[in-house]
Structures are given as structure tokens and as C-alpha cells.
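So you can see what is in the structure, the chains are spelled out below.
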Amino acid sequence: MHANGPIGLFDSGVGGLTVARALAKALPRESLLYFGDTEHLPYGDKSPEAIRGFSLKIARHLVDQGAKAIVIACNSASAVAFDHLQAHLNVPIFNVIDPVIAAIEASGSKNIAVWGTRATIDSGIYSQRIAAVLPQAIIHAMATPLLAPVIEASPLDEALVDATIKFYMANQVPVDHMVLACTHYPLVADQISAKLNATTTMLNVPSIVATAIASDLKGMGLLSNQSDATMRCAVSDYTESFEAIAAKFMGKGVQLTEERIWD
Ligand code: DGL
């Protein structure tokens, strides 16, 4: 395994780009290899078995392309496929949940909202792991299944995103801390923040995750020292909306290709 090899990341679609962007900022010398499984999104409504199958196939594909480590840049897959990937691959695997649990523990929060897909919330992983580190905390875990597909389909349609957030916000009680437990949601963090109580702190999940991965890679002696880092981006099914949001969000030329790994 070569330290100058790329870091492989994957998600069902554009959501994992929030992690990729934070990682590129924290580790500008790292090349990134991103895979968005647009053919199968949303992952949040799929069974754990299906998500495990997609995840392993994609992670293997990224390792075959030289990835020195895999970041599961998706909460749904992190919730149900992390152990499976660790058992089947011999590169370091990172999930997006462990660093967030550590940050919540450090916050000492008493009242926490968690928004995520059905797969993530139904797995119970956030409720169980937060309860283990903060037994007194009240946890409001809510599935918000319309949000990722709306962000994916109409990333630039603020009115639709806004209406969807308002729909879920109607069921949200005031909390100290809010966790966006789907990597798509930070794309609309400002719109969510604007509707929160002024005393609620929203965790900056992409930055928390990137900082933890940077520190772990350093500890493993796997940091790159190259000065010409690149970002390559592939999707299993090309969509204009993916290209539009990738260009808007990553803010620089992203090479986008379609790789039909399921054929
Ligand atoms: N971005 C993903 C997550 O963090 C998946 C969203 C979806 O495809 O349902 O859960």
C-alpha cells in the first residue's frame, strides 16, 4: 500500500462530496477517488443486505484502482456495512459515525437531535452509541427520508429544499445539539440552521470526520507527500444534476466519468 495512493470515498450520490471537500481542505496533498452510486440511490430506503452488497462492490472497485484507504462517506452504509467492509478488505476503512460520537461525547450535550435516512435511524446506531457515552442525554432520532432525494434531484431548487426541511422541522422539539446524520444534509446546512432555535448548536460533521481521518492516517504513516493531488469522480449512472452540484460544490474542475460497475 502506497502512502501517495488516493483515498477512495463513496456514497449513493452527491452527499459524500461534503466529506470529500472537507478532506481536501484538511489534507490538500491527498488525491481523492470518489464514487457516487447514482444507479442505486437513495440508499436510505434499501435493506441493510442490499446496502452491504453495494458497498462491498464499490469499495473493492476503489481498492482495485489503487485506493490506499476507504472512507464510507455515507451514514446509511456506515451504519450497516462498516463491519462487512472491514472483514472483507485489507485497507483501512473509515466510517462517518465514530468521529461524530466522539464529538458528541466531548460536547456533554443533554438533548440531541439526529436527522438521518431510514436505514441509519432504523439501525439504531446513533441512539445506542450516544446513550453509551452520554447515558443522561435525551436523544431525538428522526428519519427524514425525503430530504436526500430532494437534495439529489433538485440541488439548486431552494424552495423545494426549504419546504421539505419545514415539513420535518414541524416535528422537531428544541435541542442543545443537532447532528446531520446523512452526508447529503450539510449541502443544505444553512437552510436547516436558519430554522433552528438560536440556542441549538449544529455539529460540523464533515469537518469533524475529516479531522479524525487526517489524524488516523497520520498515525498509520499513510499521509501523502505529493504536491499534485487530484480528484477523480465517478458515478454508476451519469446525471446532469450530479455534475451540476459537483461543479458548484467542489468549486474546481472535477473529472466526472460514468463507470457501470454493475453490468
Ligand atoms: N448520503 C447518504 C447517507 O449519509 C445516503 C442518502 C441516501 O441515498 O438515502 O446516509
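Each chain has its residues counted from 1, following the order in which its sequence is written. Per-residue local features of the predicted model are confined to residues with pLDDT of at least 70, and side-chain atom pairs are confined, for both listing and counting, to 80 or more; whole-chain, interface and lining totals are unaffected and use all residues. Neither water nor hydrogens contribute to the side-chain values; these are computed over all heavy atoms in the structure.

A. Molecular detail of the pattern of salt bridges. Just to be clear on terms, a salt bridge is a Lys or Arg side-chain nitrogen sitting within 4 Å of an Asp or Glu carboxyl oxygen. Tallied over the entire structure, the rule returns nine salt bridges. R260 is paired through a salt bridge with E39; the nearest N and O atoms lie 3.6 Å apart. Here R260 is found in the segment after strand 10 (255-258), whereas its partner E39 is found in the loop between strand 2 (32-36) and helix 2 (48-64), with 221 residues between them in sequence. Of the charged contacts, one joins K195 and D162 as a salt bridge, the two residues approaching to 3.1 Å between their closest N and O atoms. With a gap of 33 residues between them, K195 in the loop between helix 9 (189-193) and strand 8 (201-202) and D162 in helix 8 (residues 158-169) connect regions that are remote in the sequence. Strands here are runs of E lasting at least two residues and helices are runs of H or I lasting at least four, both read from the DSSP assignment and numbered beginning at the N terminus.

B. View of the environment of T199. Position of T199 relative to the elements: it lies in the loop between helix 9 and strand 8. Relative accessible area decides the class of each residue, using a 1.4 Å probe on protein chains only: under 20% of the type maximum gives buried, over 50% gives exposed, and in between gives partly exposed. The exposure class of T199 is exposed, given its relative accessible area of 63%. As for T199 and A67, which are separated by 132 residues in sequence, their C-alpha atoms are 41 Å apart. In what follows, residue pairs with any heavy atoms lying within 4.5 Å of each other are defined as contacts. Each residue touching T199, except ones within four places of it in the same chain, is listed here: V175 and D176.

C. Highlighting unusual backbone geometry. Cis geometry is found at the peptide bond from L41 to P42, where omega equals 0 degrees. Note on placement: P42 falls in the loop between strand 2 and helix 2.

D. Examining the side chain of S31 more closely. Within the secondary structure, S31 sits in the loop between helix 1 (17-26) and strand 2. Among the polar contacts made by the side chain of S31, one reaches the side chain of Q226 at a distance of 3.1 Å. Nitrogen and oxygen atoms within 3.5 Å of one another constitute a polar contact, given that in protein one can donate a hydrogen and the other can accept it, and given that sequence-neighbouring residues count only through two side-chain atoms.

E. Looking closely at the nonpolar core. Residues grouped as a nonpolar core are buried Ala, Val, Leu, Ile, Met, Phe, Trp, Tyr and Cys residues, joined through side-chain atoms within 4.5 Å. In terms of nonpolar packing, the biggest core is built from 72 residues, with F10, L17, Y126 and V179 touching the most fellow members. In this structure L17 touches Y34, M231, C233, F242, A246, F249 and M250, once residues within four positions along its chain are discounted.

F. Examining the site of the ligand more closely. Residues are classed as near a molecule or strand on a simple rule: at least one heavy atom within 4 Å of it. Surveying the vicinity of the ligand reveals 13 residues, the closest of which are S12, Y43, N75, S76 and H184. Contact between the ligand and Y43: an oxygen atom at 2.7 Å from a main-chain N or O atom of the residue. H184 places a side-chain nitrogen or oxygen 2.7 Å from a nitrogen atom of the ligand. Areas reported as accessible are Shrake-Rupley estimates using a 1.4 Å probe. Residue values count occlusion only from the protein chains shown. About the coverage of the ligand: the protein hides 98% of its 300 Å² of free accessible area. Its atoms largely coinciding with the cavity grid, the ligand occupies the largest cavity. Here the term cavity refers to a set of points on a 1 Å grid, laid over the protein atoms alone, in which a 1.4 Å probe fits but cannot get out; the term pocket refers to an open set having protein on both sides within 12 Å along at least five of seven lines, with lining residues being those that place an atom within 4 Å of a point. Pocket or cavity membership: a molecule qualifies when more than half of its atoms sit within 2 Å of the grid points of that site.

Distances and angles like these do not, on their own, reveal function.
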